[in-house]
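The chain contents come next:
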Amino acid sequence: MHIIKTKESKIFIGNDVLDEVKKTLEKYKDYQKILIVDENSFNYCATDFLIQTELANDVEIIELDSGEENKTLEICQYIWQTFVELKVDRDALVINLGGGVICDLGGFVASVYKRGINFINVPTTLLAQIDASVGGKVGVDLNNLKNIIGVFNEAEAVFIYPNFLRTLNKKEMLAGYSEAFKHALIADIDYWKKLKTNLLSNDSLWEQLILRSVEIKNDIVKRDLKESGERKKLNFGHTIGHALESYSLSNEELPLLHGEAVAVGLICETYISHKVNGLNHKELKDIVSCVTNFFSYYDLKEDSFQLLIGLMKNDKKNKNRAINFTLLKTIGEATVNHKIGEDLILEALNYYCSLKK
Ligand SMILES: NC(=O)c1ccc[n+]([C@@H]2O[C@H](COP(=O)([O-])OP(=O)(O)OC[C@H]3O[C@@H](n4cnc5c(N)ncnc54)[C@H](O)[C@@H]3O)[C@@H](O)[C@H]2O)c1
Ligand SMILES: [Zn+2]
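Residues numbered from 1 in each chain as written. Chains lettered and ligands numbered in written order. Predicted model: local features only at pLDDT ≥ 70, side-chain atom pairs only at ≥ 80, totals over all residues. Heavy atoms only, no water.

### Description of the coordination of the zinc ion (ligand 2)
Around the zinc ion (ligand 2), the protein contributes the donor atoms Glu179 (OE), His238 (NE2) and His258 (NE2), at 1.9 to 2.1 Å from the metal centre. Assessed through its relative accessible area of 6%, His238 is described here as buried. The class of His258 is buried, set by a relative accessible area of 18%. (Donors = N, O, S within 2.8 Å, 3.2 Å for Na, K, Ca; no water. Buried < 20%, exposed > 50% of the residue type's maximum accessible area, 1.4 Å probe, protein only.)

### Structural notes on the environment of Phe83
Within the secondary structure layout, Phe83 lies in helix 3 (residues 73-85). A C-alpha to C-alpha distance of 47 Å links Phe83 and Ser273, two positions 190 residues apart in sequence. Not counting the four nearest positions on each side in its chain, Phe83 is found in contact with Ile34, Ile62, Val88, Val94, Val109, Tyr113 and Ile117. (Helix = DSSP H or I, 4+ residues; strand = E, 2+ residues; numbered from the N terminus. Contact = heavy atoms within 4.5 Å.)

### So, the site of ligand 1
Around ligand 1, 25 residues are found, and the nearest of them are Asp38, Glu68, Thr124, Thr125 and Thr167. Take Val101: an N or O atom from its main chain is 3.0 Å from an oxygen atom of ligand 1. Measuring from a nitrogen atom of ligand 1, one finds a side-chain N or O atom of Thr167 at 2.7 Å. Burial of ligand 1 by the surrounding chains reaches 90%, relative to a free accessible area of 860 Å². Taken together, the elements giving at least two residues each to the shell around ligand 1 come down to helix 2 (39-53), helix 4 (100-112), helix 5 (126-132) and strand 8 (145-152). In the shell around ligand 1, the residues fall into seven nonpolar, nine polar and nine charged. Shared between two domains, the shell around ligand 1 holds at least three residues of each, these being domain 1 (2-167) and domain 2 (170-354). (Near = heavy atom within 4 Å. Polar contact = N/O pair within 3.5 Å; in protein donor to acceptor, adjacent residues only side chain to side chain. Areas by Shrake-Rupley, 256 points an atom, 1.4 Å probe, with all protein chains shown as cover. Nonpolar A, V, L, I, M, F, W, Y, C, P; charged D, E, K, R; others polar. Domains from an automatic or database assignment.)

### Regarding the packing of aromatic side chains
Evaluated as defined, the whole model comprises 11 aromatic pairs. Measuring from centroid to centroid gives 5.2 Å for Phe12 and Phe159, while their planes differ by 10°, and the two rings are stacked. You can see Phe12 sitting in strand 2 (residues 10-13) and its partner Phe159 sitting in strand 9 (residues 157-160), a full 147 residues away along the chain. Judged by relative accessible area, Phe159 falls into the buried class, the value being 0%. Taking the centre distance of 5.1 Å and the plane angle of 90° together, the rings of Tyr28 and Tyr31 count as edge-to-face. Judged by its relative accessible area of 24%, Tyr31 is partly exposed. By way of ring pairs, the aromatic residues Tyr177, Phe181, Trp192 and Phe294 are connected into one cluster. (Phe/Tyr/Trp six-rings, centres within 6.5 Å; stacked < 30°, edge-to-face > 60°.)

### Describing the pattern of salt bridges
Tallying each qualifying case throughout the model produces 21 salt bridges. A salt bridge links Glu20 to Lys23; the nearest nitrogen and oxygen atoms lie 3.6 Å apart. Of this pair, Glu20 and Lys23 both sit in helix 1 (residues 17-26), three residues apart, which is roughly one turn of the helix. Residue classification places Glu20 among the buried positions, given a relative accessible area of 15%. Here Glu245 ties to Lys146 by a salt bridge, and the two come within 3.2 Å at their closest N and O atoms. (Salt bridge = Lys/Arg side-chain N within 4 Å of Asp/Glu carboxyl O.)

### Points about helix 6 (residues 170-187)
Between its terminal C-alpha atoms helix 6 stretches 26 Å, which fits the 26 Å expected from 18 residues at 1.5 Å a residue. A large share of helix 6 lies buried, amounting to 14 of its 18 residues. (Expected span 1.5 Å × (residues − 1).)

### Considerations on the layout of surface pockets
Here the second largest pocket is characterised by a volume of approximately 400 Å³. Looking at the lining of the second largest pocket, the elements that each hand over two or more residues are helix 6, helix 10 (258-276) and helix 11 (281-294). Ranked by residues supplied to the lining of the second largest pocket, first place goes to helix 10 with four residues. Classifying every residue of the lining of the second largest pocket by side-chain character gives 14 nonpolar, two polar and six charged. (1 Å grid on protein atoms, 1.4 Å probe; cavity = no way out; pocket = protein on both sides within 12 Å on 5 of 7 lines; lining within 4 Å. Points joined across faces, edges and corners; volume = space filled by probe spheres on them.)

### Notes on the packing of helix 12 (residues 305-314) against helix 13 (residues 342-354)
Contact geometry for helix 12 and helix 13: axes closest at 11 Å, N-to-C directions at 130°. By the criterion of interaxial angle, the relationship of helix 12 to helix 13 is oblique. Crossing angle aside, the handedness with which helix 12 passes helix 13 is right-handed. Every residue of helix 13 that contacts helix 12 at Phe305, Gln306, Leu308, Ile309, Met312 and Lys313 is listed here: Glu342, Ile345, Leu346, Leu349, Asn350 and Cys353. (Axes fitted to C-alpha atoms, helices over the stretch in contact; angles between N-to-C directions. Parallel < 35°, antiparallel > 145°, perpendicular 65-115°, else oblique. Left-handed = near helix turned anticlockwise from the far one by under 90°.)

What follows is the structure, encoded as structure tokens:
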């Protein structure tokens with residue numbers, strides 16, 4: 001098992017991690033425990049989790065419908081109401097068992113209920129294991145604006161059990177992979193070289209991938225918990241990615257997954273990095289060919305461009321409505337706070353469209 005120290009707690013990674021959960025739970029022996037799941041993490045992960053942690057008779061289960069469309073204040077309200085009915089007081093522990101939606105939402109619910117109760121994260125998707133469950137950002141969406149309501153609050157501990165990924169479908173695995181690409185691109189060229197060789201295909205290597213990504217994210221977050229500077233590096237691919245995700249959620253029958261939207265964002269923002277931040281042409285080609293190898297082409301429509309720009313202007317990362325980007329200087333090094341004009345953003349979106357085969 002690997003143990004990574006965060007600013008205020010610890011992340012445990014490995015296929016023996018459920019024993020560690022059991023140990024940690026001993027500290028909360030007299031606490032009321034509430035497990036938050038969605039139907040998939042309930043069906044695929046909860047039995048193993050409850051048996052191995054011997055928690056089955058000592059927990060209330062709140063099961064939500066899966067999907068980003070449920071990461072809302074209405075669902076939070078439903079959970080708070082349930083807490084009140086269950087007489088949950090401050091000596092309670094919330095256990096978030098699920099993907100990024102459950103960790104973000106469950107963490108937020110716990111962070112503000114009675115001014116904050118304890119929570120732990122047990123992420124069950126690749127995206128949540130390498131990104132969403134680490135770094136203390138918890139929150140929900142408001143209408144089509146992503147993560148606009150929330151707070152910074154670290155979980156008491158995060159337990160990453162790679163075996164949970166066995167039941168995750170390929171599309172969801174890939175979506176997580178785009179965050180691993182991001183970690184490599186902003187911080188570690190050797191990791192980038194490894195990812196290109198497709199660590200995904202071999203589940204014995206998942207642990208390695210998770211560990212490296214969590215280390216990179218945690219190192220950055222530790223230096224800048226509240227995102228005043230360096231943490232913005234983690235937004236690479238996300239200015240355009242988030243806008244596209246929001247657009248797709250409100251306009252498409254089968255919306256893009258977060259990681260799929262980020263993959264498009266990575267390509268567009270790599271293009272912008274090439275244009276204004278010194279990223280050379282060879283690296284542009286390398287990144288674009290690798291990302292397009294993994295992700296099939298998304299049919300980006302020109303008539304969505306103005307809407308996308310509007311969404312970017314609304315993004316909480318922006319000051320005074322200027323659109324703010326994190327850009328690559330080279331593979332493994334990113335710089336933050338680039339104000340980019342609409343013309344170049346449109347050019348980058350058109351560049352993506354030109355990749356259609
Ligand atoms: N807080 C952060 O720092 C941070 C960082 C990145 C992303 N996020 C957020 O994370 C969310 C995306 O996370 P996600 O991709 O995990 O989405 P998700 O939680 O919707 O999970 C994806 C799907 O996989 C299912 N699932 C979960 N575990 C499974 C398992 N083991 N086997 C089979 N199916 C399983 C879920 O039910 C869901 O249908 C977004 O809301 C994004 O904003 C947050
Ligand atoms: Zn992301």
